[in-house]
Amino acid sequence: MTTVYVPLDTVAVALDANVVADQLSQAGATVIRNGSHGLAWLEPLIEVEHSDERVAYGPMTPTTVTGLIADGVLERPLTDHPLCQGPIVDHDFLQSQHRLVFDRIGHDSPLQIPDLADVLKALAMPPDTLIQMIETSGLRGRGGAGFPAHIKWRTVRDTEAPRKYLVCNADEGDSGTFADRMLLEGDPFRLIEGMVIAGHATGSNHGVVYLRSEYPVAETLFKRALEIARECNLIGQNVLGSDFDFDLELFVGAGAYICGEETSLLESLEGRRGQIRIKPPVPAISGLLSMPTVVHNVISFAAVPAIVRLGGETYRDLGVAPSSGTMSFQLAGNVKRGGLIEVPFGITLREIVEGYGQGTLSGRPFKTVQIGGPLGAYLSQQDLDARLTYEAMAELGAGIGHGGLVVFDDTVDLAEQARYAFEFCELESCGKCTPCRIGSVRGKETMDQIINGRASAQEFNMINDLCEVMDRTSLCQMGGMTPIPVRSAMERFPEDFVQETSA
């Protein structure tokens, strides 16, 4: 009986992957639901196994898979078929990547328990040695801030407290980002492994994964992965035969973007409205339930097993120090080949947009790419040769954020995008501080005047003043980062803001 791999990833499911899987099963195939390899433009991408070789076909539809079955795809490889992609591991989109976090995804069921050698190796190491390894590796938070991970770990380790916690921020809300979802749907054990290792290093015996409510497939899979992890003693008492106890639970949020901010997330976990906390104290000293807490995003924790496996020095030598290791970049928007790539820091924007992405889907000229989510900077054609490192992006007034890249062609109006930044802040603000709560509304109103051609120099000055106030005085990055897309749009694309002569 022929084995066929059909992804259960949300993108594939939205494109009828479940129907395709049922058709293949009814035709007599053994169907294994796997995670996505990250080639989103080819989803649903099925792989048919023949003589230990997996031949990929995509994108599939219920109609095209019926034709494939009729042509005999379950009996022999159809290498001349127009939808045949060959062995997916040889595809050019994957060949040039360097996958450490996403290396297992797509190869088997996400609920297949993996080799746990990295965890066993870490549990045999003294906690201080582990933290030193993380420091040597140069691992920085992959959620946006780029804060050195070892500082959080060591602070929690050294802070005296009756309990210590790990919190994983899986409230992935930035536009154009889907790395967390792909990992949780394709390899949930990678996150569990990373959190177990971090718990051992920091002296934390309890972890919580805070998942956004819009990820029902990830929720279902992660719950089952936790059950399997307990059955295999990856979590629970005496983890994998050691003297370390570690429990892990899943908490599903209620859909607030502001809960992507670590202190708002902690408030939500404690049963209160998601509002930011004033810092200090930082969560590493007083976090969940006022106990020392490491808060990382999914990819930050998931990077840890590879560091243990490779060693801190080898991981550090990837990328362009001090931007060390690999980063998962997600390519979306008006782009021909959208998807996820994992590469060392230092790749250029051009290599991603024009190389991996192959330019705009519309075929029209490229105009801008927004990096770092809805509050990220808009970069122009002149910026495409910039390297993707924390430092190079900072020089451009941008940030890498969670690695999301959204491409636009020349039909986009950057004045409208600047207005959207203010509106987004207005809708998602927790309302605790005045600059964010009121500044976003005034900014949106002023942008309306500019867009409608009713503005004079006074309105442009007001935008500049609002951006400065929000940047300097907002309590968190919700308001503090809203000026980034506005300023970058106005500086790089001033022609979109030229108003008609006012009467």
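Scope of this entry: the structure provided in the associated data block. (Residues numbered from 1 in each chain as written. Predicted model: local features only at pLDDT ≥ 70, side-chain atom pairs only at ≥ 80, totals over all residues. Heavy atoms only, no water.)

**What to know about helix H8 (residues 179–186)**
Where burial is concerned, most of H8 is hidden: 8 out of the 8 residues are buried. Every buried residue of H8 is listed here: Ala-179, Asp-180, Arg-181, Met-182, Leu-183, Leu-184, Glu-185 and Gly-186. (Buried < 20%, exposed > 50% of the residue type's maximum accessible area, 1.4 Å probe, protein only. Helix = DSSP H or I, 4+ residues; strand = E, 2+ residues; numbered from the N terminus.)

**Overview of unusual backbone geometry**
Where the residue is not glycine, phi is negative for most of them; where a peptide bond is considered, it is trans in most cases. Going from Glu-43 to Pro-44, the amide bond is cis rather than trans, its omega being -10 degrees. On the secondary structure map, Pro-44 appears in the loop between strand S2 (30–34) and strand S3 (46–50). Cis rather than trans, the peptide bond between Ala-321 and Pro-322 has omega equal to 5 degrees. By the secondary structure assignment, Pro-322 is in the loop between strand S10 (319–320) and strand S11 (323–324). One non-glycine residue, Asn-233, adopts positive backbone phi at about 65 degrees. When you line up the elements, Asn-233 lands in the loop between helix H10 (216–231) and strand S8 (247–252). When its relative accessible area of 25% is taken as the criterion, Asn-233 is described as partly exposed.

**Concerning the sheet that holds strand S9 (residues 293–297)**
The 4 strands are arranged S8-S7-S6-S9 in an open sheet whose pairing can be described as parallel. The open sheet has two edge strands, S8 and S9, and neither has a second partner. Within the sheet, the average angular offset between the axes of one strand and its neighbour, ignoring direction, is 20 degrees. Sheet topology note: the strand S6 (residues 165–170)/S9 ladder contains 5 bridges and is parallel. Each bridged residue has a counterpart across the sheet, and for Cys-168 the counterpart in S9 is His-296. Across the sheet, H10 touches strand S7 (206–211) and S8, and the angle it forms with S8 is around 165 degrees. (Pairing = 2+ DSSP bridges. Axes fitted to C-alpha atoms, helices over the stretch in contact; angles between N-to-C directions. Contact = heavy atoms within 4.5 Å.)

**Quick notes on the nonpolar core**
A general trend in soluble globular proteins is that nonpolar side chains are found buried together. Grouped together as the largest cluster of nonpolar side chains are 64 residues, with contacts concentrated most on Leu-191 and Ile-192. Setting aside residues no more than four positions away along its own chain, Leu-191 makes contact with Cys-168, Leu-183, Leu-184, Val-209, Phe-222, Val-298 and Phe-301. Judged by nonpolar contacts, the second largest core, of 43 residues, contains Leu-288, Cys-433, Cys-467 and Met-478. (Core = buried A, V, L, I, M, F, W, Y, C linked by side-chain atoms within 4.5 Å.)

**Some details on the side chain of Arg-140**
Topologically, Arg-140 is positioned in the loop between helix H6 (127–137) and helix H7 (149–158). Taking relative accessible area as the criterion, Arg-140 reaches 16% and is therefore assigned buried. A polar contact of 3.2 Å, which involves the side chain of Arg-140, links it to the backbone oxygen of Pro-322. Engagement of the side chain of Arg-140 in a polar contact is seen with the side chain of Glu-391, the distance being 3.0 Å. Those residues in contact with Arg-140 that sit more than four places away from it in its chain are Gly-146, Phe-147, Pro-148, Ala-149, Ser-300, Pro-322, Ser-323, Tyr-390 and Glu-391. (Polar contact = N/O pair within 3.5 Å; in protein donor to acceptor, adjacent residues only side chain to side chain.)

**Overview of the pattern of salt bridges**
This structure, assessed with the given rule, holds 34 salt bridges. Residue Arg-181 is joined to Asp-9 by a salt bridge in which the shortest nitrogen-to-oxygen separation is 2.6 Å. Remark: Asp-9 occurs in the loop between strand S1 (3–7) and helix H1 (10–14) and Arg-181 occurs in helix H8; sequence separation between them is 172 residues. Taken as a pair, Arg-181 and Asp-9 share a single burial class, namely buried. In the salt-bridge network here, residues are joined through shared partners; they are Asp-103, Arg-104, Asp-187, Arg-190 and Glu-193. (Salt bridge = Lys/Arg side-chain N within 4 Å of Asp/Glu carboxyl O.)

**Re the layout of surface pockets**
Roughly 1300 Å³ of internal volume is contained in the largest pocket. For the largest pocket, the lining is made up of 49 residues, of which Gly-143, Gly-144, Ala-145, Gly-260 and Glu-261 are closest to its centre. Listed by contribution, the elements that provide at least two residues to the lining of the largest pocket are H7, S9 and helix H20 (477–481). Counting residues per element, the lining of the largest pocket draws most heavily on S9, at 4 residues. (1 Å grid on protein atoms, 1.4 Å probe; cavity = no way out; pocket = protein on both sides within 12 Å on 5 of 7 lines; lining within 4 Å. Points joined across faces, edges and corners; volume = space filled by probe spheres on them.)

**Brief notes about the sheet that holds S3**
On the basis of which strands lie adjacent, the open sheet formed by 5 strands has the order S2-S1-S3-S4-S5 and mixed pairing. One side of each edge strand has no neighbouring strand; the edge strands of this open sheet are S2 and strand S5 (84–87). Taken pair by pair, the neighbouring strands of this sheet meet at an average axis angle of 25 degrees, ignoring direction. When S1 meets S2, the two strands line up parallel, connected through 5 bridges. The residue bridging Pro-7 from the neighbouring strand is Asn-34, located in S2. Packed on one face of the sheet, helix H2 (residues 17–26) meets S1, S2 and S3 and runs near 155 degrees to S2.

**A closer look at the packing of aromatic side chains**
In total, this model carries 8 aromatic pairs according to the counting rule given. Between the aromatic rings of Trp-41 and Phe-93, the centroid separation amounts to 4.9 Å while the plane-to-plane angle is 65 degrees, which identifies the pairing as edge-to-face. Residue Trp-41 is located in the loop between S2 and S3, and its partner Phe-93 is located in helix H4 (residues 92–95); the two are separated by 52 residues in the primary sequence. Joined through ring pairs, the aromatic side chains of Trp-41, Phe-93 and Tyr-356 make up one cluster. Arg-54 extends its terminal NZ or CZ atom over the ring of Tyr-5, reaching a point 3.5 Å from the ring centre. The aromatic ring of Tyr-215 is capped on one face by Arg-212, whose charged end is 5.3 Å from the ring centroid. (Phe/Tyr/Trp six-rings, centres within 6.5 Å; stacked < 30°, edge-to-face > 60°. Lys NZ or Arg CZ within 6 Å of the ring centre and 35° of its normal.)

These figures capture arrangement, not role.
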